Number of protein chains: 2
Amino acid sequence: MKSIEIDEELYQYIASQTQYIGESASSILRRLLAMESQGSTSEQTVTSAPVKAEASEAKLDKEAKAVKLVEADKGSVFDHINKEDLATQRGAVGRFLVILQALYRVHQNDFDVVCGIRGRDRLYFANNENALAESGSSTKPRQIPDSPYWVITNSNTTRKKMMLTEVSLALGYSEEQAEKIREFL
Amino acid sequence: MKSIEIDEELYQYIASQTQYIGESASSILRRLLAMESQGSTSEQTVTSAPVKAEASEAKLDKEAKAVKLVEADKGSVFDHINKEDLATQRGAVGRFLVILQALYRVHQNDFDVVCGIRGRDRLYFANNENALAESGSSTKPRQIPDSPYWVITNSNTTRKKMMLTEVSLALGYSEEQAEKIREFL
DNA sequence: GATTCGATCGGAGGGATAGTTA
DNA sequence: TCTAACTATCCCTCCGATCGAA
């Protein structure tokens, strides 16, 4: 183990990127710097279906905790949205996916709720490409990066913003926070 | 100033990213993490012509140092190529630009040599859009990110690879290294 | 004739808007 | 019927393989 000196602001930033209690500085930095995690081959296939929701007895607790998490982590999704990535996206579709990716990262366990968000006759989200493709014509499904979920992409920017707002609210964000998230697009 | 503990390999990696003697860990990390540098409004317009080369008395020393740098930093361009960025690029043009950006970052002072690389009748590189646009038809010039240089973009992937190889060699890389660089595309 | 180079044009992706449905 | 919400067609831009030119 080596020790390095960094300024306060940078320290706070790194700390804010923690993904689980007790995550080490090395782990956080490796993730942020997109280095391979030491040793592991790290070939994570994330194409499998999302983990089934807990048996309903645990359900209420789960939800309460989710809200708590959003409260405690206030603004954390905002840190998870890699501004760099966002900026390099050439179009709204790219930004849309980056934002959803960030939301997924922070809300992996509750992300299933997005599947309840849909249009009049087509689905908006699903955990497989086909469900979306079959629910309409030319829906242009795209996988949300590093996640098992897919989104429809054939819609105007206005609708994409609406979708983001709905997702945000479904995940427990306030109207104000949802507004901020939508504005990234 | 805060102090954090990181593992040896990560420490080495960060150290390898030093851009000038005595650069602080904070400075390096901020650059790698693409954070705004503290305080400064940092509105860097990089559209101006590249900084003039030093008065010739210092020139030889400068060049000697540049070569040394490539030697000492062997593989540093490779670290400068943000794998993450590369991966998120949807097409060869995007990757092409990311790679050139990395090369520019490491060889800012010698980058002018690329302007000598050209096709039969069109220019490949220049420090302004127009020179390229006028040297051929539909050359699709694009600015190399964070640099004052532009490249032609209307060519097949094979030619883009050739261009990368020529750039690498012109900047002093070995055939083997050039090969590696070209393979990023 | 062989090879290198250029840029046209087919193809894919993006997303505004015309059109449809409730 | 009129309007609001939603869909997906279709135009535009970007990409880059292919084929004609040098």
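Visitor: Help me understand the overall build of chain A in this model?
Guide: Secondary structure assignment for chain A yields nine helices and four strands. Reading chain A from its N end, one meets helices and strands in the order β-α-α-α-α-α-α-β-α-β-β-α-α. For chain A, the proportion of contacts with a sequence separation of at least 24, taken over those separated by at least 6, is 52%. Total accessible area computed for chain A in this model is approximately 10,500 Å², and 48% of it derives from carbon and sulfur atoms.

Visitor: What is the right way to read the sheet that holds strand E2 (residues 125-126) of chain B from this model?
Guide: Sheet strands pair by backbone hydrogen bonding; their relative direction is either parallel or antiparallel. Residue and element names in this part refer to chain B. The strand order E2-E4-E3 describes an open sheet built from three strands, whose pairing is antiparallel. Single-partner strands in this sheet number two, and they are E2 and strand E3 (142-143). As defined by bridge partners, E2 adjoins strand E4 (residues 150-151) across two bridges and the pair is classed as antiparallel. Looking at the pairing, Ala126 lines up with Trp150 of E4.

Visitor: What's the story with the sheet that holds strand E3 (residues 142-143) of chain A in this structure? I'm lost.
Guide: Residue and element names in this part refer to chain A. Taken in spatial order, the three strands make up an open sheet running E2-E4-E3, and their pairing is antiparallel. The strands lining the two open edges of the sheet, one partner per strand, are strand E2 (125-126) and E3. In this structure, E3 lies alongside strand E4 (residues 150-151), joined through two bridges in antiparallel fashion. Looking at the pairing, Gln143 lines up with Trp150 of E4.

Visitor: Explanation requested: the protein's contact with DNA strand D in the structure shown.
Guide: By nearness alone, 21 residues border DNA strand D, and Asp121, Arg122 and Tyr124 of chain A together with Ala92 and Arg142 of chain B come closest of all. Taking the atoms of DNA strand D that fall within 4 Å of the protein, sugar and phosphate contribute 67% of them. Between DNA strand D and Arg122 of chain A, the relevant distance is 2.9 Å, taken from a phosphate oxygen to a main-chain nitrogen or oxygen of the residue. Breaking the surface near DNA strand D down by element, the ones donating at least two residues are helix H8 (157-170) of chain A together with helix H6 (92-106) of chain B. Class assignment of the residues belonging to the surface near DNA strand D gives a composition of four nonpolar, 10 polar and seven charged.

Visitor: What should I look at first to understand the relation of the copies chain B and chain A in this one?
Guide: Two chain copies, one operation linking them: a rotation about an axis together with a shift along it. Superposition of chain B onto chain A requires a rotation of 178° combined with a translation of 0.3 Å along the rotation axis, giving an RMSD of 0.4 Å. With respect to symmetry, the two chain copies, as superposed, fit the operation of a two-fold axis. In terms of proximity to the rotation axis, the leading residue of chain B is Ile4 of chain B, whose C-alpha is 2.8 Å off the axis. Looking at chain B, 100% of its interface residues are interface residues in chain A too, so the copies touch through the same face.

Visitor: Before we go on, may I ask you to explain the interface of chain B and chain A in this structure?
Guide: In many reports, interface size means the accessible area that the parts give up when they come together. In this complex, chain B contributes 26 residues to the contact, which on the side of chain A involves 26 residues. With both sides pooled, the region where chain B packs onto chain A buries about 3,100 Å², and carbon together with sulfur makes up 59% of that total. Connecting chain B to chain A are one residue pair in polar contact (both at pLDDT 80 or more). Elements represented by at least two residues in the side of chain B that touches chain A include exactly strand E1 (2-6), helix H1 (8-16), helix H2 (25-32) and helix H5 (83-88) of chain B. Sorting elements by how many residues they give to the side of chain B that touches chain A places H1 of chain B first, with six residues. Looking at the side of chain B that touches chain A residue by residue, the classes come out as 13 nonpolar, three polar and 10 charged. Bridge count for strand E1 (residues 2-6) of chain A against E1 of chain B is five bridges, and the pairing is antiparallel. Bridging across to E1 of chain B, Ile4 of chain A finds its partner in Ile4 of chain B.

Visitor: Before we go on, may I ask you to explain helix H8 (residues 157-170) of chain B in this structure?
Guide: Residue and element names in this part refer to chain B. Compared with the 20 Å implied by 1.5 Å per residue over 14 residues, the 20 Å span of H8 between its first and last C-alpha is a close match. Where H8 is concerned, the buried positions are Lys160, Met163, Leu164, Thr165, Val167 and Ser168. Of the surrounding elements, those touching the buried residues of H8 are H6, E2, E4 and helix H9 (175-183). Gly172 lies just past H8 and shows a positive phi near 100°.

Visitor: I tried to follow the packing of H8 of chain B against H9 of chain B on my own but got confused; where do I start?
Guide: To describe two helices that pack against each other, one gives the angle between their axes and the distance between the axes. Residue and element names in this part refer to chain B. Where H8 meets H9, the axes come as close as 9 Å, and the angle between the chain directions of the two elements is 140°. Seen along the crossing, H8 lies across H9 with a hand that is right-handed. On H9, the residues that touch Lys161, Met162, Leu164, Thr165, Ser168 and Leu169 of H8 are Glu175, Ala178, Ile181 and Arg182. Residues that form the contact of H8 with H9 fall into these classes: five nonpolar, two polar and three charged.

Visitor: How should the protein's contact with DNA strand C be read in this particular structure?
Guide: Neighbouring DNA strand C are 22 residues; Ala92, Val93, Asn156 and Thr157 of chain A together with Tyr124 of chain B lie closest to it. When atoms of DNA strand C within 4 Å of the protein are split into backbone and base, the sugar-phosphate part holds 66%. Within the contact set of DNA strand C, a base oxygen lies 3.3 Å away from a side-chain nitrogen or oxygen of Arg120 of chain A. Within the side chain of Asn154 of chain B, a nitrogen or oxygen atom sits 3.1 Å from a base oxygen of DNA strand C. For the surface near DNA strand C, the class distribution of residues is four nonpolar, 10 polar and eight charged.

Visitor: What is the right way to look at the pattern of salt bridges in this model?
Guide: Close approach of charged atoms lets side chains of opposite charge pair. All names here are of chain A. All told, the structure shown has two salt bridges over all chains when counted by the stated rule. In this structure, Asp121 and Arg120 form a salt bridge, with 3.5 Å as the shortest nitrogen-oxygen distance. Here the two residues Asp121 and Arg120 agree in accessibility, since each one is exposed.

Calculation criteria
Residues numbered from 1 in each chain as written. Chains lettered and ligands numbered in written order. Predicted model: local features only at pLDDT ≥ 70, side-chain atom pairs only at ≥ 80, totals over all residues. Heavy atoms only, no water. Helix = DSSP H or I, 4+ residues; strand = E, 2+ residues; numbered from the N terminus. Contact = heavy atoms within 4.5 Å. Areas by Shrake-Rupley, 256 points an atom, 1.4 Å probe, with all protein chains shown as cover. Pairing = 2+ DSSP bridges. Near = heavy atom within 4 Å. Polar contact = N/O pair within 3.5 Å; in protein donor to acceptor, adjacent residues only side chain to side chain. Nonpolar A, V, L, I, M, F, W, Y, C, P; charged D, E, K, R; others polar. Least-squares fit on C-alpha atoms with pLDDT ≥ 70 in both. Buried area = accessible area lost by both parts, 1.4 Å probe. Expected span 1.5 Å × (residues − 1). Buried < 20%, exposed > 50% of the residue type's maximum accessible area, 1.4 Å probe, protein only. Axes fitted to C-alpha atoms, helices over the stretch in contact; angles between N-to-C directions. Left-handed = near helix turned anticlockwise from the far one by under 90°. Salt bridge = Lys/Arg side-chain N within 4 Å of Asp/Glu carboxyl O.

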